[in-house]
Structures are given as structure tokens and as C-alpha cells.
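Tertiary structure, described
For reference, the chains in residue letters:
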Amino acid sequence: MNEKNEEIKIVDFQLLITISILGAIFLAALVGYNSHLKLSNKKPFWNDSEARNVLIISKIIIFIAAIISLLMAIKNIEDLKQKNKNLDNAYVNASASFFFVLSALLLLIALLKNYQPESDIVAEEFVL
């Protein structure tokens, strides 16, 4: 029974991570729409500085979710080792999580270094 409770907690945690990532994507989409409004000479939701801050927050959320995913994948490997089960899929998931962390980190660094709020167009590569 204890093992089932732990599996339920892991699934709940994965759902929380998924909802967090979806929220971050929604924020990024709002920044894209904000850019659209600005280019259409309509009143945008946020000024350039606020839009940048929203993008930074969304990238940080994604980066934290990626780190948590990697830690969960590592914990899964440890659990499977204790149960003497096949680790092939666990290593693939851990590798995917590692690349997720790496890509999220690179996107965050690129946003922090290269975002230019004075331009008329919000850099589309930073939105998603």
C-alpha cells in the first residue's frame, strides 16, 4: 500500500509540473499577443519592460520544472535499481530530462543576454 501512495504522489507531482509548464506557455503566448497588439497600433497589455519580465518569469518556471523533471527521472532510476528492474527506459527518460534542463537554461540565458526591449518587434524566438 505504501508503494501505491508513493506512485500517487509522483503522478500528482508530474501533473503539477505539467500545469506549471502549460501556465508558462500561456504567459509566453500572451507576450506574443502583446507584441501583436503593439504592432497593430493597439494598446498592449504590457510595456516592453513588463513583457520582458513576464517572459523571464515564464522561462524560470520552465527551467524549474525541467530541473524537477530531471530529479524525478534520477529518483526513478534509483527506485528501479532497488527493485532490480529494467533501466533502459529510465535512462532514456533521464537523458530527455537532461536535455530539457539544458535547453531551458540556454533559452533563459539567451533571453537575459539578448532581449532588446527598445525594438519594435518582440524577439519571437524568446516567446516559445
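What counts and how
- Residues numbered from 1 in each chain as written.
- Predicted model: local features only at pLDDT ≥ 70, side-chain atom pairs only at ≥ 80, totals over all residues.
- Heavy atoms only, no water.
- Phe/Tyr/Trp six-rings, centres within 6.5 Å; stacked < 30°, edge-to-face > 60°.
- Helix = DSSP H or I, 4+ residues; strand = E, 2+ residues; numbered from the N terminus.
- Buried < 20%, exposed > 50% of the residue type's maximum accessible area, 1.4 Å probe, protein only.
- Axes fitted to C-alpha atoms, helices over the stretch in contact; angles between N-to-C directions.
- Parallel < 35°, antiparallel > 145°, perpendicular 65-115°, else oblique.
- Left-handed = near helix turned anticlockwise from the far one by under 90°.
- Contact = heavy atoms within 4.5 Å.
- Expected span 1.5 Å × (residues − 1).
- pLDDT = per-residue confidence, 0-100.

1. Some remarks on the packing of aromatic side chains
Following the criterion strictly, the structure yields three aromatic pairs and no others. Taken together, a centroid distance of 5.8 Å and an interplanar angle of 40° make the contact between Tyr-33 and Phe-45 tilted. Taken as a pair, Tyr-33 in helix 1 (residues 2–39) and Phe-45 in the loop between helix 1 and helix 2 (48–82) lie far apart in primary sequence, 12 residues in all. In this structure Tyr-33 comes out as partly exposed when scored by relative accessible area, which is 42%. With centroids separated by 5.5 Å and ring planes inclined at 70°, the aromatic side chains of Phe-98 and Phe-99 adopt a geometry described as edge-to-face. What makes Phe-99 exposed here is its relative accessible area of 53%. Put simply, the rings of Tyr-33, Phe-45 and Trp-46 pair up and form one aromatic cluster.

2. Considering the packing of helix 1 against helix 2
Interhelical geometry of helix 1 versus helix 2 gives an angle of 160° and a closest axis separation of 9 Å. Taken together, helix 1 and helix 2 sit at an angle that is classed as roughly antiparallel. The two elements helix 1 and helix 2 cross, and the hand of that crossing is left-handed.

3. Observations regarding the side chain of Ser-97
Tracing the backbone through its elements, the reader meets Ser-97 in helix 3 (residues 88–114). Overall, Ser-97 belongs to the buried group, its relative accessible area being 11%. Every residue in contact with Ser-97, bar those within four places of it in the chain, is listed here: Ala-66, Ser-69, Leu-70 and Ala-73.

4. Observations concerning helix 1
Since the α-helix advances by 3.6 residues per turn, residues separated by three or four positions end up pointing in the same direction. Its 38 residues give helix 1 an end-to-end C-alpha distance of 56 Å, which sits within 8% of 56 Å, the value for a rise of 1.5 Å per residue. Taken together, the buried positions of helix 1 are Ile-17, Ile-21, Ala-24, Ala-28, Val-31, Asn-34, Ser-35 and Leu-37. Lining the buried residues of helix 1 we find helix 2 and helix 3. In the stretch just after helix 1, Asn-41 is the one whose phi turns positive, near 60°.

5. Here's the deal with the confidence of the model for the protein
Low pLDDT marks regions whose predicted coordinates should not be analysed in detail. Looking at the protein as a whole, its pLDDT mean stands at 85, while 88% of the residues score no less than 70. Looking across the protein, the model is least confident in helix 1, with a mean pLDDT of 87, and most confident in helix 3, with 91. Contacts of residues 118–128 to residues separated by more than four positions or lying in other chains number 30 contacts, the stretch itself having pLDDT below 50.

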